[in-house]
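A look at the structure
Listed below are the residues making up each chain.
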Amino acid sequence: MRHGCRTVIASRSLERVQESAAKLMAATGQRCLPASMDVRQPETIKAAVEKMLRVFGKVDILVNNAAGNFLCPASGLSFNAFKTVLEIDTIGTFNTSKLLYQKWFKDHGGVIVNITATLSYRGQMLQVHAGSAKAAIDAMTKHLAVEWGPDNIRVNSLAPGPVSGTEGFRKLGGLLMAAADHCKVIPLQRVGTKTEIAHGVLYLVSPAASFVTGTSLVIDGGHWLSGANDMSAIQALLQASAKL
Ligand code: HXC
């Protein structure tokens, strides 16, 4: 929004995005439309997209950021828990991309950024659900980039590392990680900020990336290269995270 976008933010909870929209508008002077949708329910996405097109008349950028996650070993994961995370992350990304394509991008072009993760690069413990879901999104990025490139649509992934001040950081043991000084395993010796991730998205959606499609940008301070599956630390994290 600081770079000129009018924006729609969506959540299952309208109240939550109404509050965020008010803050974003006050901070940037741009318009922000809050929308209620569940990415697992195509009808709710369709209604939100139709409303947005009535209000703004166009759409240039889609950021697929909806995700659900928690720490859990595969052995403790119910069938429904695995399915739920894939439905939110993977199927939600497909549903939203397809509806935006049908309603606008097919005829006008556009840019899609899918927020993924590095979890599957090394097979992170306690994350078979989210890692599998995000790996599928990385595949989807490539498939859609190839199919929709001729329609002047670019599709890329962005994989953040641990980012302070986020729900993911809180739920996935970030505070414990920071308290135990595990940030030392990150080559840049610290966790990231929301602004650093936003700058990556800004690059991918801007004309600076006009020839970039079908790829993944990792913004994690080098974490996935060095962060190991430290069994005892992860066991401690799992026990502590039950209380989060
Ligand atoms: C094990 C769990 C669990 C947990 C829920 N489940 N939490 N299993 N450990 N901590 C199980 C439930 O028991 C249920 O299975 C199934 O998952 C579905 O749970 P519901 O609560 O019914 O589903 P729903 O209300 O749709 O909630 C989805 C959710 C929830 C994912 C479970 O946490 C959510 O809505 N999260 C959205 C916000 C979020 O997580 N943000 C952080 C994203 S961070 P049963 O068998 O009992 O029916 C992120 C970053 C990834 O994604 C990359 C990191 C680097």
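Once a new chain begins, its residue numbering starts again from 1 and follows that chain's sequence as written. Note on the predicted model: pLDDT of at least 70 is required for a residue's local features to be given, and 80 or more for side-chain atom pairs to be given and counted; whole-chain, interface and lining totals, by contrast, use all residues. In computing side-chain values, all of the structure's heavy atoms are included and hydrogens and water are not.

**Some thoughts on a positive patch on the surface**
- For patches, a residue must show more than 30% relative accessible area and have no salt bridge; joins then use 9 Å for like charges and 5 Å for nonpolar side chains, namely Val, Leu, Ile, Met, Phe, Trp and Tyr. Using a 1.4 Å probe, accessible areas were evaluated by the Shrake-Rupley method; residue-level cover was limited to the displayed protein chains. Salt bridge, as used here: a side-chain nitrogen of Lys or Arg that lies within 4 Å of a carboxyl oxygen of Asp or Glu. When charges are counted, Lys and Arg are positive and Asp and Glu negative, with His and the chain ends excluded. Taken as the charge centre is NZ of Lys, CZ of Arg, CG of Asp or CD of Glu, depending on the residue. Judged by side-chain charge, R6, R31, K51 and R54 come together as a positively charged surface patch.
- Per the convention used, a helix needs a DSSP run of H or I reaching at least four residues, while a strand needs a run of E reaching at least two, with both numbered from the N terminus. As for its placement among the helices and strands, R31 is situated in the loop between α1 (14-28) and β2 (32-36).

**Things to note about the pattern of salt bridges**
- Applying the stated criterion to the full structure yields six salt bridges.
- When the shortest N-O distance is used, the salt bridge between K103 and E50 registers 2.7 Å. Here E50 lies in helix α2 (residues 42-56) and K103 lies in helix α3 (residues 79-108), a separation of 53 residues in the sequence.
- Working definition: with a 1.4 Å probe on protein chains only, accessible area under 20% of the residue-type maximum means buried, over 50% means exposed, and in between means partly exposed. For E50, a relative accessible area of 27% corresponds to the partly exposed category.
- A salt bridge links K58 to D60, with the nearest nitrogen and oxygen atoms 3.3 Å apart.
- Take K58: its relative accessible area is 39%, and that puts it in the partly exposed class.
- When its relative accessible area of 41% is taken as the criterion, D60 is described as partly exposed.
- Salt bridges sharing partners connect three or more residues here, namely K46, E50 and K103.

**Overview of the environment of L14**
- Note that L14 resides in helix α1.
- A sequence separation of 22 residues divides L14 from S36, and the C-alpha atoms of the two residues are 4.9 Å apart.

**Some points on the side chain of D89**
- Tracing the sequence through the fold places D89 in helix α3.
- Buried charge without a partner: D89 forms no salt bridge, and the closest opposite charge is K134, 4.1 Å away.
- Note on contacts: a residue pair is in contact if any heavy atoms of the two residues lie within 4.5 Å. The residues touching D89, leaving out its near neighbours within four places in the chain, are A66, A67, G68, A133, K134 and I137.

**Some thoughts on the site of the ligand**
- The near set for a molecule or strand comprises every residue that places at least one heavy atom within 4 Å of it. Close contacts around the ligand come from 18 residues, with R12, R40, S78, N80 and K171 the closest.
- Between an oxygen atom of the ligand and a side-chain N or O atom of R40, the distance comes to 2.9 Å.
- The side chain of N80 places a nitrogen or oxygen atom 2.9 Å from an oxygen atom of the ligand.
- No other element matches the four residues that α3 contributes to the shell around the ligand.
- Classification used: nonpolar for Ala, Val, Leu, Ile, Met, Phe, Trp, Tyr, Cys and Pro, charged for Asp, Glu, Lys and Arg, polar for all others including Gly. Its residues assigned to classes, the shell around the ligand shows eight nonpolar, six polar and four charged. We call two N or O atoms a polar contact when they sit within 3.5 Å, provided that within protein one can donate a hydrogen and the other can accept it, with sequence-adjacent residues counted only if both atoms are side-chain atoms.

**A word on the sheet that holds strand β6 (residues 216-219)**
- The strand order across the open sheet built from four strands is β3-β4-β5-β6, with neighbouring strands paired in parallel fashion. Strand pairing shows two members of the sheet lacking a second neighbour, β3 (61-64) and β6, which therefore form its edges. Within this sheet the neighbouring strands show an average axis-to-axis angle of 20 degrees, counted without direction.
- A pair of strands is considered paired only if DSSP assigns at least 2 bridges between the two. In this structure, β3 lies alongside strand β4 (residues 110-115), joined through four bridges in parallel fashion. Within β4, the residue paired with L62 across the bridge is I112.
- In this description, a line fitted to the C-alpha atoms serves as the axis of each element, helices being fitted only across the stretch in contact, and the angle between N-to-C directions of two axes falls anywhere from 0 to 180 degrees. Against the sheet, α3 makes contact with β3, β4 and β5 (153-160), and its axis sits at roughly 175 degrees relative to β3, the strand it touches most.
- Here helix α5 (residues 128-148) sits on the sheet and contacts β4, β5 and β6; the angle it forms with β5, its principal contact strand, is near 160 degrees.

**Some remarks on the pairing of β5**
- Judged by how many residues are buried, β5 sits mostly within the fold: eight of eight residues are covered.
- A two-sided burial pattern is seen for β5, the buried positions comprising I153, V155, S157 and A159 on one face and R154, N156, L158 and P160 on the other.
- Of the strand pairs in this sheet, β4 and β5 are connected by six bridges, and their pairing is parallel. Across the sheet, residue I112 finds its bridge partner in β5, namely V155.

**Considering the packing of α3 against α5**
- Contact geometry of α3 with α5 gives a least axis separation of 8 Å together with a crossing angle of 20 degrees. Judged by the angle between their axes, α3 and α5 are roughly parallel. At the point where α3 passes α5, the crossing takes the right-handed sense. The segment α3 lies against α5, with F82, V85, L86, D89, T90, T93, F94, S97, K98 and Y101 engaging V128, H129, A130, S132, A133, K134, A136, I137, M140, L144 and W148.
- Looking at the contact of α3 with α5 residue by residue, the class counts come to 13 nonpolar, five polar and three charged. If an angle is under 35 degrees, it is roughly parallel; if it is over 145, roughly antiparallel; if it lies from 65 to 115, roughly perpendicular; otherwise it is oblique. Left-handed describes a crossing whose near helix is turned anticlockwise from the far helix through less than a right angle; right-handed describes the clockwise counterpart.

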